[in-house]
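So the chains spell out like this:
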Amino acid sequence: MMLDKGVLAIEIVVSREDGGLEARWSLPRFVTFPDMASALRHAELVLAGILSIDPATGEPRYGIL
């Protein structure tokens, strides 16, 4: 997500295939990035660190970030 001009942050969006749930979650630690390449590299690591999704709330459960 774009915060200010040139400042990026990562937000995880969880949704169900049936459209019944859509929730947005910020990372446990708020980090900003100066460019898209840095944000994408970090996003790949964050997505790889998600172990499961809470079925009731959609909250991601992370391993080590």
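Residues numbered from 1 in each chain as written. Predicted model: local features only at pLDDT ≥ 70, side-chain atom pairs only at ≥ 80, totals over all residues. Heavy atoms only, no water.

## Structural notes on the overall build of the protein
Reasoning step 1: Across its full length, the protein carries one helix and six strands.
Reasoning step 2: Counting from the amino terminus, helix and strand elements in the protein follow one another as β-β-β-β-α-β-β.
Reasoning step 3: When each of the 65 residues of the protein is scored for burial, the buried share is 26%.
Reasoning step 4: Element-wise, carbon and sulfur atoms account for 57% of the exposed surface of the protein, whose accessible area totals about 4,700 Å². (Helix = DSSP H or I, 4+ residues; strand = E, 2+ residues; numbered from the N terminus. Buried < 20%, exposed > 50% of the residue type's maximum accessible area, 1.4 Å probe, protein only. Areas by Shrake-Rupley, 256 points an atom, 1.4 Å probe, with all protein chains shown as cover.)

## Describing the confidence of the model for the protein
Reasoning step 1: Considering every residue of the protein, the mean pLDDT works out to 79; 85% of them sit at 70 or more.
Reasoning step 2: The lowest-confidence element of the protein is strand E1 (residues 8-9), averaging 72 in pLDDT; the highest-confidence one is strand E5 (residues 50-53), averaging 90. (pLDDT = per-residue confidence, 0-100.)

## Description of the nonpolar core
Reasoning step 1: Counting residues in each nonpolar core, the largest one holds nine residues, listed as Leu-8, Ile-10, Ile-12, Val-14, Leu-27, Phe-33, Ala-39, Ala-43 and Val-46.
Reasoning step 2: Those elements that provide at least two residues to this core are strand E2 (11-15) and helix H1 (36-48).
Reasoning step 3: In this view, Val-14 contacts Leu-21, Glu-22, Ala-23, Trp-25, Ile-53 and Gly-58; residues no more than four positions away in its chain are not counted. (Core = buried A, V, L, I, M, F, W, Y, C linked by side-chain atoms within 4.5 Å. Contact = heavy atoms within 4.5 Å.)

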